[in-house]
Amino acid sequence: MALQLQGVIPPLVTPFTADGDIDEAAYRQVIRFNLSKGVHGVCPGGSSGEGHTLTAEEFQRLLEITVEEVNGAVPIVAGIIANSTREAIRRAKSIAHLPIAALQVTPVHYLFKPDEEATFRHFKALTEAVDIPVIIYNVVPWNYLNPAQMIRLMKELPGVQGIKQSQGDLKLMADLVLGVPEGCKVFSAVDALLYSSFALGAHGTIAATPAALPGVCVNLWNTVQAGDHVKALEMHRSMLAFWNAVVADNLPANLKTAIALQGCPTGLPRAPMPPTTPEQEARIRKALDDVLRFDA
């Protein structure tokens, strides 16, 4: 199955109740909020959605709800964060019956770094277990995949059809876009430099900023595709100020606050993640007041 994805694909936040349960009604509103902004896809279960805290059963339920709400309007990318090959395969198989366009899969994220061959075997086993294209989310600092390793995975494993790159080094992003095998795609998660990533030829973005500002990010994507780099640079400056206001150890909580301030309920972060502080909220409000002038 070929990877048919491009553009702005927000990693959906997961609303939780005060008891730590998933607030399904609020989650449905999050999906509708994103669809109303013209996004090109959605990604439940990622790190912005606190996917590392989800049980296998919760993960499957989130995907089922997403399929119901999206109803074929846009592609769905399922975020898998797992610490073993067995668990990654288990989660992938649990949603194989659903119309999922791709799996976004992190390398092992706990404090253990498999060598290059072990990482290769991990993704080989996953891609052989399910017939769903895999996008590797290259985000784990102590298990970071270098460009040669990523390109090898895409060349030698037909099921690996994309990379989501989070490193802030634009040279690395440029090298990936230049060297990516035909038919494979590079998505940017360099939140501070989405404009630059788009200008360099990234095929889209799956990142925290689109989770909070889906309409603004769609507008930026369309602006770059139209070649209006004067406007795109103006948007970049405002979006960078917003990113500086939300980025913190409790980033998912701050994304929820930013979305809630736009009128969409987002619930609470899952403990022990702390909620947005009053000081953080003040900075987010100020940044939102400026950046939302670019909302689609």
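Conventions used here
- Chains are numbered independently. Their residues run from 1 in the order of the written sequence.
- In keeping with the predicted nature of the model, local features appear solely for residues at pLDDT of at least 70, side-chain atom pairs appear and are counted solely at 80 or more, and the whole-chain, interface and lining totals rest on all residues.
- With hydrogens and water set aside, each side-chain value is computed from the structure's full complement of heavy atoms.
- Here the rule is simple: two strands pair whenever DSSP picks up at least two bridges between them.
- Helix and strand definitions follow DSSP, with helices as H or I runs of at least four residues and strands as E runs of at least two, each counted in order from the N terminus.
- Contacts were defined at the residue level, with two residues in contact if any of their heavy atoms lie within 4.5 Å.
- Axis geometry follows a simple rule: fit a line to the C-alpha atoms, using only the stretch in contact for helices, then measure angles between N-to-C directions, giving values from 0 to 180 degrees.
- Three exposure classes are used, based on accessible area relative to the maximum for each residue type with a 1.4 Å probe and protein chains only: buried under 20%, partly exposed in between, and exposed over 50%.
- With the strands aimed away from the viewer, a crossover counts as right-handed if its path from the first strand over the helix to the second runs clockwise.
- Expected span, for any helix, means 1.5 Å times one less than how many residues it has.
- What qualifies as a polar contact is a pair of N or O atoms within 3.5 Å, subject to a donor-acceptor requirement within protein and to the restriction that residues adjacent in sequence count only when both atoms come from side chains.
- With respect to orientation, any angle under 35 degrees is reported as roughly parallel, any angle over 145 as roughly antiparallel, any angle of 65 to 115 as roughly perpendicular, and every other angle as oblique.
- In this scheme the crossing of two helices becomes right-handed for a clockwise turn of the near helix relative to the far one and left-handed for an anticlockwise turn of less than a right angle.
- When residues are sorted by character, Ala, Val, Leu, Ile, Met, Phe, Trp, Tyr, Cys and Pro go into the nonpolar class, Asp, Glu, Lys and Arg into the charged class, and all the rest, Gly among them, into the polar class.
- The disulfide criterion used throughout: a pair of cysteine sulfur atoms within 2.5 Å.

Chemist: What is the right way to read the sheet that holds strand E6 (residues 185-188) from this model?
Modeler: To summarise the sheet geometry, strands pair through backbone hydrogen bonds and adopt either a parallel or an antiparallel arrangement. The sheet built from seven strands is open, its strands ordered E1-E7-E6-E5-E4-E3-E2 with parallel pairing. On the outer flanks of this sheet lie strand E1 (7-8) and strand E2 (77-80), each paired with one strand and no other. Pairing geometry for strand E3 (residues 102-105) and strand E4 (residues 134-138), over three bridges, is parallel. Bridging across to E4, Val-105 finds its partner in Ile-136. Lying over the sheet, helix H5 (residues 147-156) contacts E4 and strand E5 (160-165), oriented at roughly 155 degrees with respect to E5.

Chemist: How should the pairing of E2 be read in this particular structure?
Modeler: The side chains of a regular strand alternate, residue by residue, between the two faces of the sheet. Burial along E2 is two-sided: Val-77 and Gly-79 facing one way and Ala-78 and Ile-80 facing the other are all buried. As paired elements, E2 and E3 share four bridges and run parallel to each other. Residue Ile-80 lies in a different strand from E3, and its bridge partner there is Val-105. Regarding topology, helix H3 (residues 85-94) serves as the crossover connection from E2 to the parallel E3, and that connection is right-handed.

Chemist: Can you help me understand helix H10 (residues 229-246) in this one?
Modeler: With 18 residues, H10 should reach 26 Å at 1.5 Å per residue; the first-to-last C-alpha distance of 25 Å fits that figure. Within the span of H10, buried status applies to Ala-232, Met-235, His-236, Ser-238, Met-239, Phe-242, Trp-243, Ala-245 and Val-246. Those residues of H10 hidden inside the fold are in contact with helix H7 (194-200), helix H8 (208-212), helix H9 (214-225), helix H11 (251-260) and helix H12 (278-291).

Chemist: Help me understand unusual backbone geometry in this model?
Modeler: Negative phi values dominate among residues other than glycine, just as trans dominates among peptide bonds. Look at the link from Ala-271 to Pro-272: it is a cis peptide, with omega at 15 degrees. Topologically, Pro-272 is positioned in the loop between H11 and H12. Backbone geometry at Glu-50 places phi at a positive 55 degrees, although glycine is not the residue there. The topology assignment puts Glu-50 in the loop between helix H1 (24-36) and helix H2 (56-70). According to the relative accessible area criterion, Glu-50 is buried, its value standing at 0%.

Chemist: I'm lost on H5 in this one. Help?
Modeler: The α-helix advances 3.6 residues per turn, and as a result positions three or four apart in sequence lie on the same side. Along H5, the residues that are buried comprise Gln-149, Met-150, Ile-151, Leu-153 and Met-154. Looking at the buried residues of H5, the elements they touch are helix H4 (116-129), E4, E5 and helix H6 (170-179). N-capping of H5 is provided by Asn-146, with a side-chain oxygen placed 3.2 Å from the backbone N of Ala-148.

Chemist: Looking at this structure, I do not really get the side chain of Thr-266. What am I missing?
Modeler: By secondary structure assignment, the location of Thr-266 is in the loop between H11 and H12. Thr-266 gets classed as buried once you look at its relative accessible area, which sits at 3%. In this view, Thr-266 contacts Val-13, Pro-15, Phe-16, Val-30, Lys-256, Thr-257, Ile-259 and Ala-260; residues no more than four positions away in its chain are not counted.

Chemist: Please explain the packing of H10 against H12 as it appears in this structure.
Modeler: Packing of H10 against H12 leaves a shortest axis separation of 9 Å and a crossing angle of 165 degrees. Overall, the two elements H10 and H12 adopt an arrangement that is roughly antiparallel. Judged by the sense of rotation from one axis to the other, the crossing of H10 with H12 is left-handed. On H12, the residues touching Ser-238, Met-239, Ala-241, Phe-242, Ala-245 and Val-246 of H10 are Arg-283, Ile-284, Ala-287, Leu-288, Asp-290 and Val-291. Classifying every residue of the contact of H10 with H12 by side-chain character gives nine nonpolar, one polar and two charged.

Chemist: Sorry if this is basic, but what is going on with the state of the cysteines here?
Modeler: Disulfide: a covalent bond formed between the sulfur atoms of two cysteine residues. By the definition in use, this model includes zero disulfides. Unpaired in this structure, Cys-43 has its nearest cysteine sulfur neighbour in Cys-217, at a distance of 14 Å. By relative accessible area, which is 0% here, Cys-43 ends up buried.

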